[in-house]
Amino acid sequence: MADIPLLSSLCLTCAIFFFPSIASAISSCNGTCRTWNDCDGQLICIDGKCDDDPDVGTHLCDSFPSSPPPPPSGECQSSGTLICRGQSYPTYTCSPPITSSTPAILLTNDFTEGGNGGGPSECDGRYHNNSDLIVSLSTGWYNGGLLCGTMIKIMADNGRSARAMVVDECDSRLGCDEEHSGQPPCENNIINGSDAVWTALGLDKELGEVDVNWTKAIDVGCDSSNYIVHIM
């Protein structure tokens, strides 16, 4: 019987070693913490709570409620804020659920090198022609690259639809830097479409943004560039 406390102690040690996520969760703004490693991203632990690092000068936690109410089931809430050129932008790690007709905002994007899309596409590390039917999706929908190479169907209110391949992420967490061409973080419901997507939908690119709906269509491999449709 004397070995039971020792065995229990060993089991607890093993649980912490093999399941570190149970022992140390990552906290966001105003979340509880004990060390800097307990806080997400550039946040640091101050007086037991994760907050902006005053030495870095970030403002991710500005206007972030100290005790946010629990979000309704299935609803995507902002994960913080980012100050860009004096303006506050919400950041997201999630997007609304994907359905057979998911509401979204279609924006224009230049996927070529030097364009407003920033660096090369996340899926394949390459730049693309704007004559390709391609898109980038908000962080939650992009889902860490799980939708890379996926064909999606975009439906406009004028009755026209187009199929395009997911090649990049529209970052909803970070922005306002060189990597993102100075652009602020994306909202959580964005489809960035190439010129070809706007043409195929019969939409005027000068509008800048249009409400659309979308859903997943045909899945293909991310490196299968032969599946990308070109609009001449």
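Residues numbered from 1 in each chain as written. Predicted model: local features only at pLDDT ≥ 70, side-chain atom pairs only at ≥ 80, totals over all residues. Heavy atoms only, no water.

Structural notes on the pattern of salt bridges
Heads up, the rule is: Any Lys or Arg side-chain nitrogen located within 4 Å of an Asp or Glu carboxyl oxygen qualifies as a salt bridge. Relative accessible area decides the class of each residue, using a 1.4 Å probe on protein chains only: under 20% of the type maximum gives buried, over 50% gives exposed, and in between gives partly exposed. Here a helix means four or more residues in a row that DSSP labels H or I, a strand means two or more in a row labelled E, and each is numbered from the N terminus.
Considering all chains together, one arrives at 2 salt bridges under this definition. The salt bridge involving D124 is made with R126; its shortest N-O contact spans 3.5 Å. Residue class for D124 comes out partly exposed when judged on its relative accessible area of 25%. Between D195 and K205 there is a salt bridge, with the nearest N and O atoms lying 3.0 Å from each other. Linking D195 in helix α4 (residues 195-200) with K205 in the loop between α4 and β10 (209-219), this pair joins segments that are 10 residues apart in sequence. Taking relative accessible area as the criterion, K205 reaches 35% and is therefore assigned partly exposed.

Re the pairing of strand β7 (residues 150-156)
Filter applied, for reference: Two strands are said to pair when DSSP picks up at least two bridges between them.
Burial analysis of β7 places 5 of its 7 residues in the buried class, the great majority of the element. In terms of strand pairing, β7 meets strand β8 (residues 161-170) through 5 bridges, oriented antiparallel. Bridge pairing in β8 places M151 opposite M165. Taken together, β7 and the strand that follows it, β8, pair antiparallel across an intervening segment of 4 residues, in which G159 is found at a positive phi of about 95°.

So, the environment of E169
We count it as follows: As used in this structure description, the phrase polar contact means that two N or O atoms lie within 3.5 Å; if the pair is within protein, one of them must be able to donate a hydrogen and the other to accept it, and residues adjacent in sequence are counted only when both atoms belong to side chains.
Among the secondary structure elements, E169 is positioned in strand β8. Sequence-wise, E169 and N143 are 26 residues apart; in three dimensions their C-alpha atoms are separated by 8.8 Å. Polar side-chain contacts of E169 include one of 2.6 Å to the side chain of T139.

Examining the packing of aromatic side chains
Our working definition: Aromatic contacts are taken between Phe, Tyr and Trp rings whose centres are within 6.5 Å, Trp giving its six-membered ring; a plane angle under 30 degrees counts as stacked, one over 60 as edge-to-face, and the others as tilted.
Applying the stated criterion to the full structure yields 1 aromatic pair. For the pair W141 and W214, a centre-to-centre distance of 5.1 Å together with 70° between the ring planes defines the contact as edge-to-face. Of the two residues, W141 is situated in helix α3 (residues 139-142) and W214 in strand β10; the sequence distance between them amounts to 73 residues. Across the pair, exposure class does not vary: W141 and W214 are buried alike.

Quick notes on the state of the cysteines
Inclusion rule: In this description, the term disulfide denotes a pair of cysteine sulfurs within 2.5 Å.
In the structure shown here, the tally under the stated rule is 4 disulfides. Here C39 pairs with C50 through a disulfide, and the sulfurs are 2.1 Å apart. Taking the torsion about the sulfur-sulfur bond, which here is approximately -90°, the covalent link between C39 and C50 counts as left-handed. Of the two residues, C39 is situated in the loop between α2 (20-23) and β1 (44-46) and C50 in strand β2 (residues 49-51); the sequence distance between them amounts to 11 residues. Taking relative accessible area as the criterion, C50 reaches 0% and is therefore assigned buried.

Regarding the pairing of strand β9 (residues 190-193)
Taking every second residue as pointing to the same face, both faces of β9 are buried, with I190 and N192 on one and I191 and G193 on the other. Pairing geometry for strand β5 (residues 102-108) and β9, over 4 bridges, is parallel. Considered in β9, the bridge of L106 is made with I191. Taken together, the 3 bridges between strand β6 (residues 134-138) and β9 define a ladder with antiparallel strand orientation. Note on β9: the bridge partner recorded for L137 is I191.

As for the nonpolar core
Put simply, the rule reads: The definition of a nonpolar core used throughout is a set of buried Ala, Val, Leu, Ile, Met, Phe, Trp, Tyr and Cys residues joined through side-chain atoms within 4.5 Å. Contacts are residue-level and defined by heavy atoms, with any inter-residue pair within 4.5 Å sufficient.
The biggest cluster of nonpolar side chains holds 26 residues, and the ones touching the most others in it are V135, L137, I154, I191 and W214. Taken together, the elements giving at least two residues each to this core come down to β5, β6, α3, β7, β8, α4 and β10. For this core, the element with the most residues is α4, which contributes 4 residues. For L137, the residues in contact, after removing those within four places along its chain, are Y142, L147, I152, V166, D168, E169, C170, I190, I191 and W214. Of all hydrophobic cores here, the second largest spans 8 residues; its members include C29, C39, C50 and C61.

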